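Below, each chain spelled out in residue letters.
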Amino acid sequence: MKTAIITGSFDPITRGHEDLILRASKMFDKVYVVIVFNTEKSGGAFSPEDRLTIARAAIAALPVDNVDAVLHSGLTSDIARELGAKFIIRGARNASDFDYEYNLSLIMKRFDPTLETVILPASPALSMISSTYVRDLLKYGCDLGDAVPDGCRREIVELYKKG
């Protein structure tokens, strides 16, 4: 069974993330969305638990059954080992993202030489969407439009207002 993880802060999950998850779900038997957070840092628009709630709502609305979401505050190599994943899926919206992800993949090899990083280019229509963009829309009370998955839109708005 081929298992992959998609790591990120997902603060919050976006339509671009959703696209990446769907594409990975077709390539792997099991995909885990790993919401990584630093216990020593505060901040972010959403708590780690709220990010998990939002991600699970987005995943539940997808037409797949091989994706789940988990929280993790340690090394990516540790959660990959724990989940039995040998692949890390990362998205790249542009050349700068690709360079960053490529360098990160080299560092990951030092932690676990068996982990392979798969970098998928963003779908062109979604390449300008980021979590920062979504947070700005929320901050200024704008409609989220197509920036977030329909399956978690309500959760994002409600949890943002609560926070």
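The shown structure was predicted, so the numbers you read here are calculated from the model rather than taken from an experiment.

So, how was this worked out
Every chain begins its residue count from 1, and numbering advances along the sequence as written. Reporting in this predicted model follows two pLDDT cut-offs: at least 70 for local features of residues, and 80 or more for side-chain atom pairs to be given and counted; totals over whole chains, interfaces and linings ignore these cut-offs and use all residues. The side-chain values count all of the structure's non-hydrogen atoms but skip hydrogen atoms and water molecules. Going along the chain from the N terminus, every DSSP run of H or I of four or more residues is numbered as a helix, and every run of E of two or more is numbered as a strand. As defined in this context, the radius of gyration uses C-alpha atoms, and a globule is described by 2.2 Å times the residue total to the power 0.38. The classification of residues rests on relative accessible area computed with a 1.4 Å probe and restricted to protein chains. Under 20% of the type maximum is buried, over 50% is exposed, and intermediate values are partly exposed. What makes two residues a contact is simply this: any of their non-hydrogen atoms within 4.5 Å. The Shrake-Rupley method, run with a 1.4 Å probe, gives the accessible areas here. Residue values count only the displayed protein chains as cover. Positive residues here are Lys and Arg, negative ones are Asp and Glu, while His and the chain termini are left out of the count. Note that the charge is assigned to NZ on lysines, CZ on arginines, CG on aspartates and CD on glutamates. Paired strands are those between which DSSP finds at least two bridges. Comment: axis = line fitted to C-alpha atoms, over the contacting stretch for helices; angle = value between 0 and 180 degrees taken between N-to-C directions.

Undergrad: When you look at the overall build of the chain in this model, what are you seeing that I'm missing?
TA: Helices and strands together make up the secondary structure of the chain, namely six helices and five strands. Relative to the 2.2 N^0.38 estimate, which gives 15 Å for 163 residues, the radius of gyration of the chain is 15 Å and therefore close to what a compact globule would have. With 163 residues in all, the chain has 45% of them scored as buried. For the chain, the proportion of contacts with a sequence separation of at least 24, taken over those separated by at least 6, is 76%. By element, 52% of the accessible surface of the chain is carried by carbon and sulfur atoms, the whole surface being about 8,800 Å². For the chain, the distance from the average position of its 20 positive side-chain charges to the average position of its 22 negative side-chain charges is 1 Å.

Undergrad: Sorry if this is basic, but what is going on with the sheet that holds strand β1 (residues 3-8) here?
TA: Paired through their backbone hydrogen bonds, the strands of a sheet run either parallel or antiparallel. Spatial strand order, β3-β2-β1-β4-β5: five strands in an open sheet with parallel pairing. The outermost strands of the open sheet, each flanked by one partner alone, are β3 (67-72) and β5 (116-121). Across this sheet, the average inter-strand angle for adjacent strands is 30 degrees, counted without regard to direction. Bridging between β1 and strand β2 (residues 30-36) involves six bridges; their strand directions are parallel. Residue pairing for β2: Ile-6 is matched across the bridge by Val-33. Along the sheet face, helix α1 (residues 15-27) touches β1, β2, β3, β4 (87-92) and β5 and points at about 130 degrees away from the line of β5.

Undergrad: Looking at this structure, how should I read the environment of Ile-119?
TA: Mapped onto the fold, Ile-119 is located in strand β5. The spatial distance from the C-alpha of Ile-119 to the C-alpha of Glu-101 is 7.3 Å, given a sequence separation of 18 residues. Among residues more than four places away in sequence, those in contact with Ile-119 are Arg-90, Ala-92, Phe-98, Glu-101 and Tyr-102.

Just distances and angles here, no functional claims.
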